[in-house]
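# Breakdown of the fold
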2 protein chains.
Amino acid sequence: MQGKQKKQSAARVEVTPWDGLIHDVPGFRTASLHCGLKTAKEEPPDLALLYCEQPCAAAGVFTQNRVCAAPVTLCREHLKKSKHRARALIINAGCANACTGEQGKRDARTMAEWVAARALCKPEEVLVFSTGVIGHKLPMDKIEVGIERTVMFAKEQKITGDFARGIMTTDLVPKTAAAIVKIGGKPVHVAGVCKGSGMIAPNMATLLGVTVTDAAVAPAVLQAALADIADGTFNCTTVDGDTSTNDSFVFLASGLARNPPVTRVGGPGYDALRAGLYSVCDSLARQIAADGEGAKHLITVYVGGTRNDADARRIARTIAESPLVKTAIAGNDPNWGRILAAAGRAGVVFDPDEAALTVSGHELFRGGQPAGFDRAAVAAALKAPEVSVVLLAGDGPGRARLYTCDLTHGYVSINAEYHT
Amino acid sequence: MQGKQKKQSAARVEVTPWDGLIHDVPGFRTASLHCGLKTAKEEPPDLALLYCEQPCAAAGVFTQNRVCAAPVTLCREHLKKSKHRARALIINAGCANACTGEQGKRDARTMAEWVAARALCKPEEVLVFSTGVIGHKLPMDKIEVGIERTVMFAKEQKITGDFARGIMTTDLVPKTAAAIVKIGGKPVHVAGVCKGSGMIAPNMATLLGVTVTDAAVAPAVLQAALADIADGTFNCTTVDGDTSTNDSFVFLASGLARNPPVTRVGGPGYDALRAGLYSVCDSLARQIAADGEGAKHLITVYVGGTRNDADARRIARTIAESPLVKTAIAGNDPNWGRILAAAGRAGVVFDPDEAALTVSGHELFRGGQPAGFDRAAVAAALKAPEVSVVLLAGDGPGRARLYTCDLTHGYVSINAEYHT
């Protein structure tokens, strides 16, 4: 046991916070502009390009929704065909290109071809993300002009627009995160950006996200690290339980850090790479929950003491997606009965008499009945913008953590008044 | 095949609508009054007694929530101990007696004992339901006075108060249904009552419900019919996906109709009994969805064409519980993309290119892309108080039907402002 603990602490790596953006990572450029997909008068950016100065190792995770958008299918094909190499990622906001039939598939392919022709690479080295309304066709004339200009700007190294804003839909704030880790003594940069506010219950990825690094990494290792990290960060984030048709998250590595290449999972440098990626993805996942549609509270749900992690996650997700729990927290109400009732319907065997529930540091329930707590103090604690819910369901080794947000009038307004 | 069809049509029975209440069924009396659990100034009824003039056959289905209330545990014990016989059902609203530890268990037992002492029966012949806030202890002094008076009223055949109102919490309207069927030439009455508005996603039963009949039926047959019917009616109803800690539904039979006793499932009279019970439970389930907290639309979700019924039900439930689908319908918006996206994340294999979606009679999606539909006409159809969503996911034999309601500002107000 002690030997194992020592090994774990030896594997711990230092992650240095960094305020860089993805175009600050050696090997990457971005361009973002308004091409006419978003109709707001202030002409917000709605097309964003990430351009790689040289072929990058590329990894991707995508929605598990059976109804998946044309660009998702295309990305899967391209990663396979290119053997996990990429030169560019083009993202449009305002139209999801989902449920658009054969025309939608042709349009996604055409977007990749247009970028490839101008960036002088192969079409399969171009990835395509789309986000916005489902069921509408892309206005390809506007997209063509936009691609022409973004590729020109990126090649001329003119940083235009804000990449993180260019991919937003109902998001209120752009979401970025960055960190520096050392691999073989060389500093390696990791920076990411994502969007997502509603239809958020990612299954393998969030609505749209990209993380880049200058580390030298084998593509297979990049994919393994991404799948591992996405599972504990984005896949543990939920706004409304609605998994999108367009969830896509990619991780690109330029190799310009000149570190000894990371060539196998668990081999030299892997833990550092994983720690850097985790730090960035965890921050992005928190930002998504905090900016959930209509959110007034970021809620972190921890569940422990179950037989295994999967059981803990089932309970945590049921609590995090319970409309009654989410509205209680919107009302700053320590309604612990709703939290227990949600846990009890998660389909996991546990004994409520052995459970203990703590909300924002106050123990509310233990031994089958309410703990003696100060209602006014708990209600005051619930007014903070961040709330924690900690349920210990027994003495097993299982545990899980989920990010979510409350359910407010804002969510109903956004989604009842947002017309197709 | 033809033989089987004939057999089915021969088994069809006539169900005659009836406007009776449960105390109109021979053998049953009710009493309902305000004993002080609900604090509203108009002193609404909060204690209701169903009294059986003679021992009845009794069947019950209860919540599958791991966190289950003391009265639920007591009912399970009593049905077993009494060999499925009952003389009375006492129901209080305003306090769920859930998560109340050993004291809660003692209180539920005491309620049954008080009723038994006054109704001159065994404690195990008394069933107890509670509904209301979780985690509060019952004010037993008020309950004792209330039980004293309700039993007295019931024994004196003074119909006092309205049983259906006496069990309401956030319900806006009382919910009753009744029907008459013939068994062996004798008319048999079936009447039911239920409550439920939030924390509604019954799993084996609804929040609280009771159906009575004067049919002569063996207890085991009564239980089989109830479990079968509850599965297709109450268990196919959802307001917010939150299964309650107190869900309880019982079916009592006095035998006073003097029909040839129904002694086995599928035997003579069983189909008629089942049809009568189905008619009553189906009506009650619809009433629950229509009176869901904040509901402006009753939504019926039909899914067909899957490999089996379980797959169809998974898809139907995912659509019915999707916050994005529910808010779209609240906004009268034919946002079919959200319905398909919900279906796609249900964990069921189907091909969207083979699917067809029809909403309130208008086909919106077929062959992987939008059908040509008149948006204004569909939006107008969605203004009706009832909306249907029909998804054919393929050509398999599976099918399911779920009742639900939309997600409105009213739901958020009720649940963010309802304090514990």
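Analysis parameters
Residues numbered from 1 in each chain as written. Chains lettered and ligands numbered in written order. Predicted model: local features only at pLDDT ≥ 70, side-chain atom pairs only at ≥ 80, totals over all residues. Helix = DSSP H or I, 4+ residues; strand = E, 2+ residues; numbered from the N terminus. Buried ≥ 20, exposed ≤ 12 C-beta atoms within 10 Å, placed from the backbone. Contact = placed C-beta atoms within 7 Å. Nonpolar A, V, L, I, M, F, W, Y, C, P; charged D, E, K, R; others polar. Least-squares fit on C-alpha atoms with pLDDT ≥ 70 in both. Pairing = 2+ DSSP bridges. Axes fitted to C-alpha atoms, helices over the stretch in contact; angles between N-to-C directions. Parallel < 35°, antiparallel > 145°, perpendicular 65-115°, else oblique. Left-handed = near helix turned anticlockwise from the far one by under 90°. Domains from an automatic or database assignment. Expected span 1.5 Å × (residues − 1). pLDDT = per-residue confidence, 0-100.

## Notes on the overall build of chain A
If you tally the helices and strands in chain A, you get 12 helices and 15 strands. Principal axes of the C-alpha set define a box for chain A whose edges measure 70 × 55 × 35 Å. A buried classification covers 60% of the 420 residues belonging to chain A. In chain A, 81% of the contacts between residues at least 6 apart in sequence involve partners at least 24 apart.

## Some details on the interface of chain A and chain B
With 54 residues of chain A at the interface, the matching set in chain B holds 54 residues. Ranked by residue count, the leading element in the side of chain A that touches chain B is helix H10 (residues 336-344) of chain A, at 7 residues. Split into classes, the residues belonging to the side of chain A that touches chain B amount to 24 nonpolar, 24 polar and 6 charged.

## Focus on the relation of the copies chain A and chain B
Of the transformation placing chain A onto chain B, the axial shift is 0.0 Å and the rotation is 180°, giving an RMSD of 0.0 Å. Considering both components of the superposition, the chain copies are consistent with a two-fold axis. Nearest to the rotation axis, the C-alpha of His409 of chain A is located 2.8 Å from it, this being the minimum over chain A. By residue overlap, the copies meet face to face through one surface: 100% of the interface positions of chain A are interface positions in chain B.

## What about the sheet that holds strand E15 (residues 398-405) of chain B?
Residue and element names in this part refer to chain B. Read from one edge to the other, the open sheet built from 6 strands follows the order E13-E12-E11-E14-E10-E15, with strand pairing classed as mixed. Strand pairing shows two members of the sheet lacking a second neighbour, strand E13 (369-370) and E15, which therefore form its edges. Packing of helix H7 (residues 270-290) onto the sheet brings it into contact with strand E10 (298-306) and E15, and relative to E15 it is tilted by some 50°. Against the sheet, helix H8 (residues 309-320) engages E10, strand E14 (386-392) and E15, with an angle of about 20° to E15.

## Examining the environment of Tyr278 of chain B
Residues and elements named next belong to chain B. Tracing the chain through its elements places Tyr278 in helix H7. Here Tyr278 falls in the partly exposed class, since 18 other C-beta atoms lie within 10 Å of it. In the structure, Tyr278 is positioned 59 residues away from Pro219 in sequence and 17 Å away in space, judged by C-alpha atoms. Those residues in contact with Tyr278 that lie beyond four places of it in its chain are Ile229 and Thr233.

## Observations regarding the packing of helix H9 (residues 323-330) of chain B against helix H10 (residues 336-344) of chain B
All names here are of chain B. Two numbers describe how H9 lies on H10: the axes approach to 9 Å, and their chain directions differ by 160°. Here H9 lies roughly antiparallel to H10, going by the angle between them. Crossing of H9 against H10: the hand is left-handed. Residues Leu324, Val325 and Ala328 of H9 form the contact with H10, whose participating residues are Arg338, Ile339 and Ala342. Split by residue class, the contact of H9 with H10 holds 5 nonpolar, no polar and 1 charged.

## Looking at the pairing of strand E9 (residues 248-253) of chain B
All names here are of chain B. Here E9 lies mainly inside the structure; 6 of its 6 residues are buried. Across the two faces of E9 the burial is the same, with Ser248, Val250 and Leu252 and Phe249, Phe251 and Ala253 all buried. When strand E3 (residues 47-62) meets E9, the two strands line up antiparallel, connected through 6 bridges. The residue bridging Val61 from the neighbouring strand is Phe249, located in E9. Sheet topology places strand E8 (residues 208-213) next to E9; 6 bridges connect them, and they run parallel. Across the sheet, Thr213 pairs through a bridge with Ala253, a residue of E9.

## Here we look at the sheet that holds strand E14 (residues 386-392) of chain A
Residues and elements named next belong to chain A. Within the open sheet, the 6 strands sit side by side as E13-E12-E11-E14-E10-E15. Their pairing is mixed. Two strands bound the open sheet, and with one partner strand each, they are strand E13 (369-370) and strand E15 (398-405). Against the sheet, helix H7 (residues 270-290) makes contact with strand E10 (298-306) and E15, and its axis sits at roughly 50° relative to E15, the strand it touches most.

## Overview of H10 of chain A
The buried fraction of H10 of chain A amounts to 9 of the 9 residues, a majority that puts the element mostly inside the structure. Buried within H10 of chain A we find Trp336, Gly337, Arg338, Ile339, Leu340, Ala341, Ala342, Ala343 and Gly344 of chain A. Buried residues along H10 of chain A sit against helix H8 (309-321), helix H9 (323-330), strand E11 (356-359), strand E12 (362-366) and E14 of chain A together with strand E5 (126-133) of chain B.

## Comments concerning the domain arrangement of chain A
Residue and element names in this part refer to chain A. Taken as a whole, chain A is organised into domain 1 (12-290) and domain 2 (298-417). Here the C-alpha centre of domain 2 lies 32 Å away from the C-alpha centre of domain 1. In this assembly, 11 residues from domain 1 lie in contact with 11 residues from domain 2. Classifying every residue of the side of domain 1 that touches domain 2 by side-chain character gives 5 nonpolar, 5 polar and 1 charged.

## Here we look at the packing of helix H6 (residues 219-232) of chain B against H7 of chain B
All names here are of chain B. Two numbers describe how H6 lies on H7: the axes approach to 10 Å, and their chain directions differ by 45°. Relative to H7, the element H6 lies oblique. Note that H6 runs across H7; the crossing there is right-handed. Here Val221, Ala225, Ile229 and Ala230 of H6 come into contact with H7, specifically with Tyr270, Leu273, Arg274, Leu277, Tyr278 and Cys281. Residues of the contact of H6 with H7, tallied by class, amount to 9 nonpolar, no polar and 1 charged.

## As for the environment of Arg29 of chain B
Residue and element names in this part refer to chain B. Summarising the element assignment, Arg29 is placed in strand E2 (residues 28-33). The exposure class assigned to Arg29 is buried, which follows from the 21 C-beta atoms found within 10 Å. Here the alpha-carbon distance between Arg29 and Phe153, two residues 124 residues apart in the chain, equals 9.3 Å. With residues near it in sequence (within four places) discarded, Arg29 still touches His23, Tyr51, Glu53, Ala154 and Gln157.

## Overview of H8 of chain B
Residue and element names in this part refer to chain B. Taking 1.5 Å per residue as the helical rise, H8 with its 12 residues ought to reach 16 Å, and the 16 Å between its terminal C-alpha atoms agrees with that figure. Of all 12 residues making up H8, 9 are buried, and the element is well covered by its neighbours. Along its buried surface, H8 packs onto E10, H9, H10, E14 and E15.

## Thoughts on unusual backbone geometry
Residues and elements named next belong to chain A. One non-glycine residue, Glu43, adopts positive backbone phi at about 50°. One can find Glu43 in the loop between strand E2 (28-33) and strand E3 (47-62). In this model, Ser360 sits at a positive phi of 45°, which is unusual for a non-glycine residue. Looking at the secondary structure, you find Ser360 in the loop between E11 and E12. With 21 C-beta atoms counted inside 10 Å, the residue Ser360 sits in the buried group.

## Points about the environment of Leu226 of chain A
All names here are of chain A. Tracing the sequence through the fold places Leu226 in helix H6 (residues 219-232). A sequence separation of 128 residues divides Leu226 from Glu354, and the C-alpha atoms of the two residues are 37 Å apart. With residues up to four places along the chain from it excluded, the contact list for Leu226 reads Ala59, Val61 and Phe251.

## What about the confidence of the model for chain A?
Residues and elements named next belong to chain A. A residue-level look at chain A finds 95% of positions with pLDDT of 70 or above and a mean pLDDT of 89. In the predicted structure, residues 1-10 sits below a pLDDT of 50 and forms 0 contacts with residues beyond four places in sequence or in another chain. Scored as a whole, the predicted complex attains pTM 0.82, and scored at its interfaces, ipTM 0.78.

## So, the pairing of E2 of chain B
All names here are of chain B. Within E2, 5 of the 6 residues are buried, which leaves the element mostly enclosed by the surrounding structure. Where E2 lies against E3, 6 bridges are found, and the strand directions are antiparallel. The partner of Leu33 across the bridge, within E3, is Leu47.

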